[in-house]
Amino acid sequence: MALNSKAPEGPLAEKWDKHKFNVKLVNPANKRKYDVIVVGTGLAGASAAASLAELGYNVKAFTYHDSPRRAHSIAAQGGVNAAKNYQNDGDSVFRLFYDTIKGGDYRSREANVYRLAQVSVNIIDQCVAQGVPFAREYGGLLANRSFGGAQVSRTFYARGQTGQQLLLGAYSALSRQIAYGKVKMYTRSELLDVVVVDGQARGIVTRNLITGETQTHAAHAVVLATGGYGNVFYLSTNAMYCNATAAWRAHKKGAYFANPCFTQIHPTCIPVSGDYQSKLTLMSESLRNDGRVWVPKTKEMAERVRNNEVKPQDVQEDDRDYFLERKYPAFGNLVPRDVASRNAKQMCDEGRGVGSTGLAVYLDFSEIIKRTSAEAVSQKYGNLFAMYEKITDENPYERPMRIYPAVHYTMGGLWVDYNLQTTIPGLYATGECNFSDHGANRLGASALMQGLADGYFVIPSTIGDYLAATPPKPVTTDHPAFAEAKAGVQARVEQLLSIKGNRTPDEFHKKLGHLMWEYCGMARNAEGLKFAKAEIAKLRKEFWQDVKVVGSGEEMNQALEKAGRVADFLELGELMVDDALDRNESCGGHFREEYATEEGEAKRDDDHYAYVAAWEYTGDNQPERLNKEELVFENVKLTQRSYK
């Protein structure tokens, strides 16, 4: 299948406006005749559902939570990017576009990224109008701070709770439409399949997580806003409920999966402390504005610190290595996440890591506290400092934080065109569950930007182009495809319940996560990837022979939920390894050890790999087919990334 990005022709700055004019429109009276399903109620989903309902469409919104307010977007901390240039420091739409393309190591589509930068300025106005309490300067203007991968301040924030405040804004807009009757909200409902009728997405199959009932729902179009797949690694900064099932079910129905190996490792997380942990905690990248990252200069001093012979705050300046500032003087501690993460790992691999495990580096605020005050630092980061102390029982005002990289975000996802439509007509993917905007590495504060851009501004404009060509007659669940999909879901549930093995879903998930982290994590090589592929295949076979799922399907059954999600993670893990093996280069978060510069930086191969890898499902236990969308760069020059 030829991959047509549908990116408009013409100058970059004019593409989106021209495209909005050229797409077909649905007149206001006809919008009332169309039903749209939105799956997921985070920033992308809630904003899309609210905006589509405001336009007049009938929206059915689904979440597996008891309330849309519990979506994982609430956990985002540091901020949301926008090219407002309030600081008058040289920012612009083009600079945000360039920083994003460069930050993603030149593996994203120019047209989509430029549109994201354009729309960013509208996002802030929309959210302020909703009452989002962004931080403000003394004169009343919205405040900005800097984030990794940029030399300007363009990140708008609400202390360390930006995601929560933005989600409350989107939730209020969604609640308004629920009250008007334009959105019907389905809580505690998990998508288990996509229904395709005559080649077009026409509905979904869900399981009621309270009663266990399998239900079908029909619509003229389906919008997925179901987040990323970082929990394939078991330990990540994602909420434990986050999973890949919705996207993977869509993939197995014909939606291509793009760049699955592009996973982001966040450098600023609280380190692993034991085998009992089920998730990791993110410490906002905004902390790198004022915190300085360092390790002891020598292995001997590092060992003394690890053995508590020397307190970290007592290590003299001459004995400290501020390695990011030393190696990247132009960006210092604000290098992009992939660069910061690899360097932290390198320090620990050299034996200079800190903490009881040696798998941590310090994030030190002593200088900013001395220069201003602890109260001033608390004004900016107080809730983050309190969270860190509650988890570690260490006071970050008195001693440096310990941080280490952890899986955070997935740049890969369902392949979409410029309209955010997948390879299944009528099926759209927004936010983190698509691949479109971040390439091989996402800049900090750009996830919130993309989710809101897709939901508030892109989907409302582009979905009409598809619906205008769709007859406005009602779509029902009477078509045999719905019964077939429902029967398939029920058969899979019965299969999981019938195995009656000896190992819990969590045991398989932990084993998979260990394989993925060790061999397809921060650094990969061909030998390790081949080993992981064989081991995951064995683990998947063992899962279907020995998983233990207690209870029944006609009741609340969290073991059953978990088992279904782990089964999908096992298949996705294999595809991630295949994708990493196929891409014989290093770029962004995909760091193949065989392909590095003399200085240890990622080394791209633009002659052979400047494309989007879009994988096509060909059947159970069959190798997936690789399709390529060639990336054409007309407005930026492909260069070796440098933050020095």
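Criteria and thresholds
Residues numbered from 1 in each chain as written. Predicted model: local features only at pLDDT ≥ 70, side-chain atom pairs only at ≥ 80, totals over all residues. Heavy atoms only, no water. Helix = DSSP H or I, 4+ residues; strand = E, 2+ residues; numbered from the N terminus. Buried < 20%, exposed > 50% of the residue type's maximum accessible area, 1.4 Å probe, protein only. Contact = heavy atoms within 4.5 Å. Areas by Shrake-Rupley, 256 points an atom, 1.4 Å probe, with all protein chains shown as cover. Lys, Arg positive; Asp, Glu negative; His and termini not counted. Charge placed at Lys NZ, Arg CZ, Asp CG, Glu CD. Salt bridge = Lys/Arg side-chain N within 4 Å of Asp/Glu carboxyl O. Pairing = 2+ DSSP bridges. Domains from an automatic or database assignment. Buried area = accessible area lost by both parts, 1.4 Å probe. Nonpolar A, V, L, I, M, F, W, Y, C, P; charged D, E, K, R; others polar. Expected span 1.5 Å × (residues − 1).

**Q** So what about the overall build of the protein chain? Which residues, and what values?
**A** Counting secondary structure elements, the protein chain contains 18 helices and 20 strands. The proportion of buried residues among the 644 residues of the protein chain is 61%. Of the contacts formed within the protein chain by residues at least 6 apart in sequence, a portion of 75% connects residues at least 24 apart. When the accessible area of the protein chain is evaluated, it comes to approximately 24,600 Å², of which 48% is carbon and sulfur surface. Taking the average place of the 77 positive charges on the side chains of the protein chain and the average place of its 78 negative ones, the gap between the two points comes to 3 Å.

**Q** Give a detailed account of the pattern of salt bridges, specifying residues and quantitative values.
**A** Between side chains of opposite charge, a pair can form when the charged atoms approach closely. Under the criterion given, the structure shown has 48 salt bridges. A salt bridge links R371 to E367, with the nearest nitrogen and oxygen atoms 3.5 Å apart. One end of the pair, R371, and the other, E367, are both in helix 11 (residues 366-371), four residues apart, so they sit about a helical turn from each other. By sharing partners, the salt bridges in this structure join D105, R107, D338, R342, R583, E585, R604, D606 and R641 into a single network.

**Q** Please give an account of the environment of V194 that cites residues and values.
**A** Its location among the elements puts V194 in strand 7 (residues 189-197). V194 gets classed as buried once you look at its relative accessible area, which sits at 0%. Apart from residues lying up to four places away in sequence, V194 is in contact with A201, G203, I204, A250 and K253.

**Q** Please provide a residue-by-residue account of the sheet that holds strand 12 (residues 263-269), values included.
**A** Spatial ordering of the open sheet is given by 12-16-15-13-14, a layout of five strands whose pairing is antiparallel. Each edge of the open sheet is held by one strand with a lone partner, namely strand 12 and strand 14 (320-321). Bridging between strand 13 (residues 292-296) and strand 14 involves two bridges; their strand directions are antiparallel. The partner of P296 across the bridge, within strand 14, is R320.

**Q** So what's going on with the domain arrangement of the protein chain? Residues and values would help.
**A** Each assigned domain of the protein chain is listed with its residue range as follows: domain 1 (34-265 + 409-468), domain 2 (267-407) and domain 3 (492-630). Centre-to-centre separation of domain 1 and domain 2, based on C-alpha positions: 31 Å. Between domain 1 and domain 2, roughly 2,600 Å² of surface is buried when both sides are summed, and carbon and sulfur atoms account for 55% of that area. Seen at the junction of domain 1 and domain 2, the total is zero salt bridges. Contributions of two or more residues to the side of domain 1 that touches domain 2 are made by strand 4 (145-146) and strand 12. Ranked by residue count, the leading element in the side of domain 1 that touches domain 2 is strand 12, at three residues. Here the residues of the side of domain 1 that touches domain 2 sort into eleven nonpolar, 16 polar and three charged.

**Q** Provide a residue-level description of helix 10 (residues 337-349), including the pertinent values.
**A** With 13 residues, helix 10 should cover 18 Å at 1.5 Å per step; its first-to-last C-alpha distance of 18 Å lies within 8% of that length. Burial analysis of helix 10 places ten of its 13 residues in the buried class, the great majority of the element. Listed in full, the buried residues belonging to helix 10 are R337, D338, V339, A340, S341, R342, N343, A344, M347 and C348. Those residues of helix 10 hidden inside the fold are in contact with strand 12, strand 13, strand 14, helix 9 (323-327), strand 15 (361-364) and strand 16 (401-410). Looking one or two residues beyond helix 10, the residue adopting positive phi is G351, at roughly 90°.

**Q** If you had to explain the pairing of strand 13 to someone new, which residues and values would you point to?
**A** Among the five residues that make up strand 13, five are buried, leaving the element largely enclosed by the rest of the structure. Alignment of strand 13 against strand 15, held across three bridges, turns out to be antiparallel. If you follow R292 over to strand 15, its bridge partner there is D364.

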